[in-house]
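Residues per chain are reported as follows:
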Amino acid sequence: MMQTPAYLPSGHFLAQGKLEAAGAPRLGADSMASRGSADSESMRAALDQSIASLGHVPGSFALAAADERTGVLCLARDASGSHGLYFRHDEHGRVHYASRLNLLLAELPEPPRISADGLAEYLRFLDITAPQTIYDGVFAVPPGQAVLFERGRCSFIELDMRPDTPLPGSYAEALDCVEQRIRSSINHAAHGVRSPAAFLSGGVDSALLCALGRPVVSDAITLGFDDSRYDESGIASSVATSLGMRHTVLRPSEDDYFSLFMLTHGQSEQPFCDPAAMATRFAFDYCTQRYDLLIDGTGAEILPGSMPARWRRWAYDYTAWMPRRLRQGLARLPGLRQHRRLFDYDDQEDLFIRWQGFHSADIKRLTGHATDLSHTRFYRTFRMLRSTDHLRRWSILQGTLLPDDRIRQASSASGLPCAHPFLDASVGPLMAALPREWCHAPGRPKRLLRDILGRHVPSALWEQPKHGFEFDFCAFMRRNRSRLTEPYLIGSHATLDRLLSPVATRQVFDDWCAGNDALSFRVWALLILSAWLRHGPLVTDQLNRSR
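Just so we're clear, the structure is a prediction, and the values are computed from it rather than from any experiment. (Residues numbered from 1 in each chain as written. Predicted model: local features only at pLDDT ≥ 70, side-chain atom pairs only at ≥ 80, totals over all residues. Heavy atoms only, no water.)

Here's the deal with the sheet that holds strand S13 (residues 293-295)
Taken in spatial order, the five strands make up an open sheet running S12-S11-S10-S13-S14, and their pairing is parallel. The open sheet has two edge strands, strand S12 (246-250) and strand S14 (418-419), and neither has a second partner. (Pairing = 2+ DSSP bridges. Helix = DSSP H or I, 4+ residues; strand = E, 2+ residues; numbered from the N terminus.)

Right, dumping it as structure tokens:
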């Protein structure tokens, strides 16, 4: 058995065998390497049963397992996606893999090319969803899936996300069961850890983890914002005091954010546009010298279910059937301008994208090529969800599908592990399978989680409108226009002409400078891409888009 390293090192395997039971494949692992908190013997036992059974293994993992007798290789990640896992084929049919993208790319005989599909996906979604990456011929294992290689082919297997026990018979039993499982997950993650801490944003999710993590976790970390629209440190402080936790509020300065921009986006594995990424990196860097583990509430938004905003539901239900030109014409009418977002979108899919990047026509102007997004994982999943309800559609498209890379990138860069109890195998499948009315009630989202939290913290301390974990990146770009935004988009540090039309890029920048704040996310995406191209791990003057 290989000892579990700090990260899953780069490796390769000649996948040339054949599985006998293709319907429910099993794998007798002769060699295995992993990263994460999951127990090696539990993963081996799951593989002996079926590869899909990895979904029931508690803890986090990125796993590479091979049956050397049959020549079959399996790469898998748990549903939290806490650890990356990438792969590529070489010209000899070997599969190369690593949990860090730079380790995999370092083995290439020449710098990798940028993928046209990956670039288009980034420009549209402002994120790149596995299995796609920004690099041509390099792919990522999606969270909650395994990739099986045999006879030069690869197949994707969904890990089993069904509950491992019968569902509770009543709402009261569900409260007890979910509470016990979250508590056990936190205890498991913190076992043997000398100094764990938990993020406490002021919302229900993080407050519940702090409440159920006591007394194992005694420190709470909150990111404060100078803008009162986003700052919830006061609520977080009240919750921490009620729980008897030591509480630290971090407030990055303007200079901190300027330095963090390069650390976060210039040195990331792939470009991504989460506005909260810099503050997250600041928190991880602060905690690295003080704690051994962070507990985070990622996943709670999607498991109990959350509804899309009312305007999104109305647009999907009442205006999406209209021809695009008719809708966009209505959006320009004086009496409807304040309701423009109900009409002014390209496709139904746009209503469920987290951040609005460039539309297809814009991407064509930028890249010089027409783009087809219908094959992307987001669009394919959307088509499968057409007949479902808004709650399920929003939860899947916003949660389990689109990446939330800021936590994983910050954890990887700082070396500080992070646990996500809501996405643990003992918690997530159970919550996802509970009756809808137990988890979401009209006017009371996250009903079940709120009722559990109310057992431990007075509701008056936290039952307030949620502001969201945000950062005013538009104001940041305008304040730093002369030393960051302009140099990296059109000035001395600009690199986008390697991939994009300088004329189209300049037009977006000029329109934004003229006061069109609606373009802010697009300018942000271009700024991040330019910084990443200039300061990223594989800087080269020969960087070209793949055709």
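Observations concerning the pattern of salt bridges
Tallied over the full model, the rule gives 31 salt bridges. Across the pair Lys 446 and Asp 205 runs a salt bridge, and its minimum N-O distance is 2.9 Å. Here Lys 446 is found in the loop between helix H16 (436-439) and helix H17 (447-453), whereas its partner Asp 205 is found in helix H5 (residues 204-213), with 241 residues between them in sequence. Asp 205 sits in the buried class, given a relative accessible area of 11%. (Salt bridge = Lys/Arg side-chain N within 4 Å of Asp/Glu carboxyl O. Buried < 20%, exposed > 50% of the residue type's maximum accessible area, 1.4 Å probe, protein only.)

Focus: the packing of helix H8 (residues 277-288) against helix H14 (residues 405-414)
H14 packs onto H8 with a crossing angle of 35° between their chain directions and a minimal axis gap of 9 Å. The hand of the H8/H14 crossing is right-handed. Where H8 approaches H14, its residues Ala 277, Thr 280, Arg 281, Phe 284, Asp 285 and Thr 288 are matched on the opposing element by Arg 406, Ile 407, Ala 410, Ser 411, Ala 413 and Ser 414. Among the residues forming the contact of H8 with H14, the class breakdown is five nonpolar, four polar and three charged. (Axes fitted to C-alpha atoms, helices over the stretch in contact; angles between N-to-C directions. Left-handed = near helix turned anticlockwise from the far one by under 90°. Contact = heavy atoms within 4.5 Å. Nonpolar A, V, L, I, M, F, W, Y, C, P; charged D, E, K, R; others polar.)

Quick notes on helix H19 (residues 481-489)
When H19 is considered as a whole, its buried residues turn out to be Leu 484, Thr 485, Pro 487, Tyr 488 and Leu 489. In this structure, the buried side of H19 is in contact with helix H7 (254-266), helix H18 (473-479), helix H20 (502-513) and helix H21 (520-535).

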